[in-house]
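So the chains spell out like this:
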Amino acid sequence: MTRPLSGRRIVLGVSGGIAAYKSVEICRRLVDLGAHVVPVMTAGADKFIGRTTLSALASEPVQTSLWSEASPIPHTKLGQNADLVLVAPATARVLAGYAHGLSTDLLTNVLIATRAPVVVCPAMHTEMWEHPAVQDNIALLRRRGVHVVDPEEGRLAGGDSGKGRLAAPDVVVQAVQRVLGPRDFDGRRVLVTAGGTREPIDAVRVIANRSSGKQGYAVAEEAARRGATVTLISTADRPVPAGVEVIDVETSAQMQAALDSRASEADVIVMAAAVADFRPVSCASGKIKKDAGIPEIRLEPTPDILAGLGAHKPAGQILVGFAAETSDLVENATSKMRRKNLDLIVANDVSAPGVGFQHDTNAVTFLRPDQPLESHPLSDKRDIARALLDIVARLLA
Ligand code: CTP
């Protein structure tokens, strides 16, 4: 029987705090769930727990040093091969090193070298946890997409008590499982578009929009993590998620050409890009100079790429669109879903605080033909991506 974490490779980083003893239990549970656990200890952790204990329970012996004879560059190999890096407990020093790119030991090197998702579980005294330096580092890491399992209230070292105790092992393991997700897209080909198109006016100017590409990137990353072969057609200059192929485009015409060459092979297409509806009829060859007076820019409509995909949808393909609205959300999105022959539309009210363009968060309503709508409250765009792919997985099944 395959276990929930079978085939998953997890680097378990243990840094130097009294909570290091709990990493032993976390390690055991991950191994029991089928994960291949590679333990990395800092010099501080080495003082709190015995290497032998962790080595005996993990899938490989503990590594502590950048200077290993067996592998001259352990940090890059460990980081590249990991499906996830977990740091439990994460001390203030390790969090600071990670946040500021200070690679002082094997663990901070692995954190900086990896492209896999990272889960950090801070543990320290309340005064340290509440210090603005620590809180700023945590906020910075969260903004970069690091998953943080908040510490709990409880007994701390030295008889003190307060917030800062490492989260319970089952909470940590659940967070790992949530981030890794199921592998329900194995063997599936997923095409995602992201970012706002840029339509040239002249050699230097464009008509653009405020889309950051964050939602599309989150969908691509989540699909790849769940086993899909993912191609991301993007206008955005963002870090490439692990295992995702990116095709860079700029205009709606380039996006359409990239989609046309791949669409028929895709099991799923998620059109998260904000495609311009109008573009200049022609692009001036040089820079338009202001001495020539106020220019008149004539616009023409762009083709509706998604409607074109909907009109030629192969049997079994799942086509997902987005609807950016500022009023009449459900009515407008329902009409777009029908008009474009979609299986699912993700509607968001981009005028609401924290929603849509440029934010890290989103609040959406999922609509399907002849099905009750599902509303998803304001949450991280990765949570929205997960919920979206949960629906798509059900449709594929
Ligand atoms: N879309 C597209 N091609 C366009 C315009 C939009 O493929 N030329 C796609 C978007 O990627 C999105 C969906 O259609 O998935 C809806 O886009 P949206 O901008 O909300 O709606 P429009 O159809 O452009 O209608 P309107 O701008 O009038 O709201």
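Above: the structure in question.
Residues numbered from 1 in each chain as written. Predicted model: local features only at pLDDT ≥ 70, side-chain atom pairs only at ≥ 80, totals over all residues. Heavy atoms only, no water.

Tell me about the pairing of strand β13 (residues 268-271), residues and numbers included.
Of the two faces of β13, the one holding V268 and V270 and the one holding I269 and M271 are both buried throughout. Bridge analysis of strand β8 (residues 189-194) against β13 gives four bridges, and the strand direction is parallel. Residue pairing for β13: T193 is matched across the bridge by M271. Sheet topology places β13 next to strand β16 (residues 318-325); four bridges connect them, and they run parallel. (Buried < 20%, exposed > 50% of the residue type's maximum accessible area, 1.4 Å probe, protein only. Helix = DSSP H or I, 4+ residues; strand = E, 2+ residues; numbered from the N terminus. Pairing = 2+ DSSP bridges.)

Just give me the short version of the packing of aromatic side chains, but keep the residues and values in it.
Tallied over the entire structure, the rule returns zero aromatic pairs. One cation-aromatic arrangement involves R238 over Y217; the distance from NZ or CZ to the ring centre is 5.9 Å. (Phe/Tyr/Trp six-rings, centres within 6.5 Å; stacked < 30°, edge-to-face > 60°. Lys NZ or Arg CZ within 6 Å of the ring centre and 35° of its normal.)

Tell me about the sheet that holds strand β17 (residues 344-349), residues and numbers included.
In spatial order, the strands read β12-β11-β8-β13-β16-β17-β18-β19; together these eight strands make up an open sheet with mixed pairing. The open sheet has two edge strands with one neighbour each: β12 (244-248) and β19 (374-380). Along the sheet, successive strands turn relative to each other by an average axial angle of 20 degrees, direction set aside. The pairing of strand β11 (residues 229-234) with β12 spans five bridges and is parallel. Its bridge partner lying in β12, S234 is registered against D248. Most of the contacts of helix α11 (residues 252-262) go to β8, to which it runs at about 175 degrees, and overall it touches β8, β11, β12 and β13. (Axes fitted to C-alpha atoms, helices over the stretch in contact; angles between N-to-C directions. Contact = heavy atoms within 4.5 Å.)

Talk me through the nonpolar core; I want residue IDs and the actual numbers.
One broad rule of soluble globular proteins: the nonpolar side chains tend to lie buried together. The biggest cluster of nonpolar side chains holds 34 residues, and the ones touching the most others in it are F185, V230, F366, L388 and V392. Of all the elements in the fold, those that place two or more residues in this core are β8, α10 (214-225), β11, β13, β16, β17, β18 (361-367) and α14 (381-396). Sorting elements by how many residues they give to this core places α14 first, with nine residues. Among residues more than four places away in sequence, those in contact with F366 are L344, I345, V346, L373, E374, H376, I384, A387, L388 and I391. In this structure, C27, L30, L166 and A167 belong to the second largest nonpolar core, which totals 33 residues. (Core = buried A, V, L, I, M, F, W, Y, C linked by side-chain atoms within 4.5 Å.)

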